[in-house]
Amino acid sequence: MRLTLPALLLGIGVLVSPGGSTVWTVTPGGPPLQAIIEQASPGDTLKVQAGSYSGPLVVTKPLVLLGTGEPVIQGHGQGSVVKLKAPGIVFRGFRVTGSGNYLDEENSGIEVLARHILVEQNRLDDVLFGIYLRRAHGSIIRNNEITGKMLDLPRRGDLIRVWYSDSVLVENNTLRLGRDVVLWYSNHLTVRYNRISGGRYGIHFMYCDDANIYENQLTENSVGAFLMYSRRLHFYRNFMASNRGGSGFGIGMKDLDDARIIDNLFIDNRVGIFIDNSPREIESRCTLKGNVIAYNDYGVLLLPNVRRNLFEDNTFLENEEQVAIDGGGRLVNIRWNQNFWSDYTGLDLNGDGFGDIPYASQRFFESLMDRHPILRLLLYSPAVQALNFAAKAVPLVQPDPKLVDSLPRVKMVIPVGVPAPPKHKDPTLSILSALLLGVSIGFTFLGRSRKGRFGSIPKNPSHKEAALPMSERPLVQIKHLNKRFGSLQAVKDVSFEVRPGESIALWGPNGAGKTTVLRCILGLYPFEGEIYIDGLSVREHPKDVRQKIGFVPQELGLYDEMTVEETVTFFANLRKVSQSRALECLCAMGLEEHREKVVKTLSGGMKQRLALAVALLSDPPLLLFDEPTSNLDRAVRESFFELLNDLRAQGKTLIFTSHRFEEVRVLADRVLVLEQGHLVADAPPLEAASTLGWKTKLRLYPAPADLARAYSHLQAQGFDVQQNGSALWVWVLPTEKMAPIQALVDAGIPIQDFELEEEGGRS
Amino acid sequence: MESRNLFILALKELRDALLNKWFWLYTGIFIVLSFGLAQFGMTGIGEYGVAGFGRTAASLVNIVVLIVPLMGMTLGALSLASERERGTLLYLLTHPVLESEVLLGKYLGLGLAIFATLGIGFGLTGLSLGLRGGVSHLSGYLALTGFAVLLAFGSLSLGFLISSLASKGSTAVGVAIFLWLTWVFLSDLGLLGASLVLKLKAQQLLFLALMNPAQVFKMMAIHVLRGGLEILGPAGLSAMRTFGTGLPWILTGLLVFWILAPLGAAGVIFQKRGGL
Amino acid sequence: MRKIIGTLLFLSVWWVMGGLVACSGASPDQPPKIRYGEDMCDECKMLISEARFAAAYITENGDVRRFDDIGGMFVYHQKHMEPVARYWVHDYKTSIWIRGDQAVYVHSPNIQTPMGYGVVAFKNRSDAESFASEKGGKILTLQDLLANPPQPMMGGKMKMPMKGGVTP
């Protein structure tokens, strides 16, 4: 062991091994690496210590360069970083970074420009091209990790490029973000154990014969492996998944002869296997055997001119289209044998592992799509499924089978020894899904809670103020109200006012427009003219107006499936009234013991009272009733009637429609009489009745002996009288109901009994 | 418009939806189909731990395109029309609420109910996918869920439009089912026929298909799941070429249009017509 | 209401008709769009990555065919024989679209093109001539290339006809 003079001069450690070659130790603080390279003799070893070294580095003699602690060769973004120009160079353990950006100049991390060079265990990043071999026969590229530049795909370079270099071994490299691993014009290559992702063509062969390509992982590239213009490629146990770029092939086979594609996995690519013009030579054939082709959009896509291929023992699992022919047509001279087809519907009754009937690929829409690719747009649409189904049901329109596998397997054949990335153990999807599930189920519970308290109630509800007696201002003002339904004029120029505390009856036959007037007051539909409630325009303030009005319709629009309590709670919330007030109203209507009952089960009278309870919730000054008692039987009607009378006594303003004169007379201060939409009278009940000539029917029961005498006497007195059995019917004005009785008494004819029949009336 | 009223009405509608037989029928079908599909599609290929996520998700797209519009449209169609028929709508409007509040409240409530259906379906499926390691397309799956919700809301809007016009629940449902049939089956068959007979160009077919929200959803779903529309052939490529990176935004915009436009129209009609 | 529905119907019919007419195909006077790194070459199914080698033609039906190599376009055309409204190629120097019938082509085995056809196009004759002399190539016209599509080059030499010929 001795120190050489130049080494002493340079101040670096140099060891000479017994064989005669020198070992140089290079440190970052010392002289430039390039200078030492110039200094060293062929066969010397350079041990480069950790640290940063400036590139570019050009090695023109067979040296062994060994990085210790991953020294960095920095290219500073200019040209290529390392050029290895002599046969037999060993370059190991470096980080090479910062090549130039020019595609035209093919700026690279490492250029390998001579035979039998070993480039091993290096890390390359921020390089345009990675390792570029030119006429570097017999070189070995092994265990390198190469990451390209974050550029758009068209502006990236190839992470490994093999050019006119035979018998090269590319082994166990990890490549990300490149363009291609491209191998041109080179024979007898071996490409194995590499992991290539995020590039354009994971592996790209052009004019390279007799290569072995195996156990590579090609994922998330545009195309996994694009093999072209080559002979006798042996491609096996490779893993190709999620290659979904522009072309999106797991493997693309173009102009290949005698290719053997064996035991590979093609998963979730756009096209598992694409075959164009392979084989091209008349005596050659391609063999595809034992592959798993699963979950691709197309399992195998062939151009129609492809011939002489053998598909055997492959597993076709759930590809969107298992086999497609680009442009449609039938395949000729391609053998399908003993493959597994996930869409095979036959059985294996004899248990020999093969289906008892051949597999035939003939889906209606598929053959249509193959011929008219534009129709692919309709893929996944239910109509397409329906069409396929229909075609199956009606065999007449079944297309010719695309292919027939006479002996389909019924079990998958999964090759062993294919390298696959480790199983993803990312819990994010599970967690998010569980969250989604929880929230969704939560919603259904939210909807199911029967006792809803919908938000807070304002502390000072506005109805308190509204309940105070108003000034002289009319509570209701209607000016020139017109309402038209199509060609029917339902209300014509109706005007009236209602003062606070008044009780108004709207009277008139069916279709006179009573209900329409009420609905206009509530602002339920557009109308012409003006309506003011407590000074507010109905049209402009529909909500405030409705807050001041309690309404009990004729046809009750309560929700049948709600309970009594839920009903008042719901409307109390809409009216911004507290729960306790809602209960108060229930109690006032005598419904407190029915609160758990469902509305559907209530009697008519109870429903009516519930509607009244709802109407009273916000203690509105104005109450509207549409035929309040029409659907009730007599007893209920009377008790309800009393309720109304109480409300009137409490100072509520009432507007109601009715056709019972008794109700009108007792309850109304004024009657507004509507006829065919016109307001024809506005007067106190009796007066209105008189002016309109309404008559009340009296049933008089004189002693049977007096019947005839009474009849003729009344007739003589000018009464409208009619005999009916033992009774006399007399029609009189409501203000003159006593008159016929008085007349008979005066005439000395005693009346044993009488009845008053005021409903309806007759004019 | 008061958010308080919207909330009250939405909650009421949500409750009603959960009492609705139709709702549970759809929910049941959707959950059974989507979950069953996940089980079936994820049978996987043994030791390699790779399972058919893409395939499962694509079949989910199929189910969504089929069921979600039917669900949205029939439930939406029932919403106003059945209440109108029973008179409850008129009565409701005599209280201090606006037509717009009723419409939006109902929309939100039903929307929430449908969201719950989709959430349960997608949640169960996602859980099943996640637990088996099929998580490589997380964002795609979430986006698919989101767009399914958009499609549901769009069909709900159409349902509301039908509902705002119909006087009877049964009429409205009939129209909804007819429209669904047209929308989901007949229009596609029509497109198929037209493109064969008239020899439509890819771009023309695309233009016609974009008018159908179900197709828009489908394209969007495929775009997020597959990273592009290549699988849809020349018309899909034409979409990518014409709209470039704006494609997802345009598709989303179209879906949003199908939510807003019919709902807006329903609002105008309902405002005019009221509870009758 | 009926009027509004009628108007809407009318408008939508016009919208559909207008849309269909507007989408009826590419105009030959507009250079076609290529999404580099995403669009597939119609001849070789590889991705079109570099504009200066890319070519396209527009058929009389308004269909567009795209190629990653100018040579590929002529090969494809010979196979399919579609009536072409216009050819488009890129100027090798500036990578801008030029009309195929107005371009000057240089063919040389020494020009490395994506599929190895060795054909590039120029807008100016002088650029083409200087490039041809630099690469030892021939000047060709569109008609020449249509009549005799170039063959892919293997290892820098003209590829020999395959044993047994191209697949029948």
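Worth saying up front: this structure is predicted, and the values here are computed from it rather than measured. (Residues numbered from 1 in each chain as written. Chains lettered and ligands numbered in written order. Predicted model: local features only at pLDDT ≥ 70, side-chain atom pairs only at ≥ 80, totals over all residues. Heavy atoms only, no water.)

Q: Outline the pairing of strand β11 (residues 108-112) of chain A, listing residues and values.
A: Residue and element names in this part refer to chain A. Among the five residues of β11, five are classified as buried, and the element is accordingly described as predominantly covered. Across three bridges, strand β8 (residues 82-84) lies against β11 in parallel orientation. By the bridge assignment, K83 is partnered in β11 with E111. Pairing of β11 with strand β14 (residues 129-134), which is carried by four bridges, proceeds in the parallel orientation. Note that in β14 the partner of S108 across the bridge is F129. (Buried < 20%, exposed > 50% of the residue type's maximum accessible area, 1.4 Å probe, protein only. Helix = DSSP H or I, 4+ residues; strand = E, 2+ residues; numbered from the N terminus. Pairing = 2+ DSSP bridges.)

Q: I'd like a description of the interface of chain C and chain B, backed by residues and values.
A: Where the parts come together, the accessible area they lose is often given as the size of the interface. Opposite the 15 residues of chain C that make contact, chain B presents twelve residues. Taken together, both faces of the contact between chain C and chain B bury some 1,300 Å²; the carbon and sulfur share is 63%. Contact with chain B buries surface across chain C, with C:L20, C:C23 and C:R35 losing the most and accounting together for 42% of the total. For the interface between chain C and chain B, the tally reads two salt bridges. (Contact = heavy atoms within 4.5 Å. Buried area = accessible area lost by both parts, 1.4 Å probe. Salt bridge = Lys/Arg side-chain N within 4 Å of Asp/Glu carboxyl O.)

Q: How would you summarise the confidence of the model for chain B if you had to cite specific residues and measurements?
A: Per-residue confidence for chain B gives a mean pLDDT of 87; residues scoring 70 or more make up 93%. By mean pLDDT, the top-scoring element of chain B is helix α11 (residues 247-273) of chain B (93), and the lowest-scoring one is helix α2 (residues 21-41) of chain B (83). (pLDDT = per-residue confidence, 0-100.)

Q: Go over the packing of aromatic side chains with me, naming the residues and quoting the values.
A: Enumeration according to the criterion identifies 48 aromatic pairs over all chains in this entry. An angle of 65 degrees between the planes, with centres 5.8 Å apart, marks the rings of C:Y92 and C:F122 as edge-to-face. Note that C:Y92 is positioned in the loop between β3 (84-90) and β4 (97-99) and C:F122 in strand β6 (residues 119-122), a separation of 30 residues in sequence. Taking the relative accessible area as the measure of exposure, C:F122 reaches 3% and is therefore buried. Lying across the ring of A:Y164, A:R135 places its NZ or CZ 4.6 Å from the centre. The ring of A:W729 carries the charged tip of A:K697 above its face, separated from the ring centre by 4.0 Å. (Phe/Tyr/Trp six-rings, centres within 6.5 Å; stacked < 30°, edge-to-face > 60°. Lys NZ or Arg CZ within 6 Å of the ring centre and 35° of its normal.)

Q: Tell me about the sheet that holds strand β5 (residues 104-107) of chain C, and name the residues and values.
A: Pairing between the strands of a sheet comes from backbone hydrogen bonds, and it takes one of two forms, parallel or antiparallel. All names here are of chain C. Read from one edge to the other, the open sheet built from three strands follows the order β6-β5-β7, with strand pairing classed as antiparallel. Each edge of the open sheet is held by one strand with a lone partner, namely β6 and β7 (138-140). Across this sheet, the average inter-strand angle for adjacent strands is 30 degrees, counted without regard to direction. Examined bridge by bridge, β5 and β7 share three bridges and lie antiparallel to one another. The residue bridging H107 from the neighbouring strand is K138, located in β7. This element, helix α2 (residues 70-80), spans β5 and β6 of the sheet and lies at about 105 degrees to β6. (Axes fitted to C-alpha atoms, helices over the stretch in contact; angles between N-to-C directions.)

Q: Describe the packing of helix α6 (residues 138-165) of chain B against helix α9 (residues 213-226) of chain B, listing the residues and the values that go with them.
A: Residues and elements named next belong to chain B. Two numbers describe how α6 lies on α9: the axes approach to 9 Å, and their chain directions differ by 170 degrees. In terms of orientation, α6 and α9 fall into the roughly antiparallel class. Of α9, the residues touching α6 (which contributes G140, Y141, A143, L144, F147, A148 and L151) are P213, A214, F217, M220, A221, V224 and L225. Looking at the contact of α6 with α9, its residues break down into 13 nonpolar, one polar and no charged. (Parallel < 35°, antiparallel > 145°, perpendicular 65-115°, else oblique. Nonpolar A, V, L, I, M, F, W, Y, C, P; charged D, E, K, R; others polar.)

Q: Go over the pattern of salt bridges, please, and point to the residues and values.
A: All names here are of chain A. Applying the stated criterion across every chain, the model contains 68 salt bridges over all chains. Note that R499 is salt-bridged to E502, the shortest N-O span being 3.4 Å. The exposure class assigned to R499 is partly exposed, which follows from its relative accessible area of 46%. Here the salt bridges share partners, and the residues they tie into one network are E321, D343, R363, E366, D370, R376 and K402.

Q: Explain the interface of chain B and chain A residue by residue, including any values.
A: Across the contact, 94 residues belong to chain B and 90 residues belong to chain A. Carbon and sulfur atoms make up 69% of the surface buried where chain B meets chain A, a total of about 8,200 Å² over both sides. Taken together, chain B and chain A are joined by seven salt bridges. As a salt-bridge pair, A:E566 and B:R15 come within 3.2 Å of each other at their nearest N and O atoms. One can count 18 residue pairs in polar contact (both at pLDDT 80 or more) joining chain B with chain A. Tallying contributions element by element places helix α5 (residues 99-131) of chain B first for the side of chain B that touches chain A, with 15 residues. Looking at the side of chain B that touches chain A, its residues break down into 52 nonpolar, 25 polar and 17 charged. (Polar contact = N/O pair within 3.5 Å; in protein donor to acceptor, adjacent residues only side chain to side chain.)

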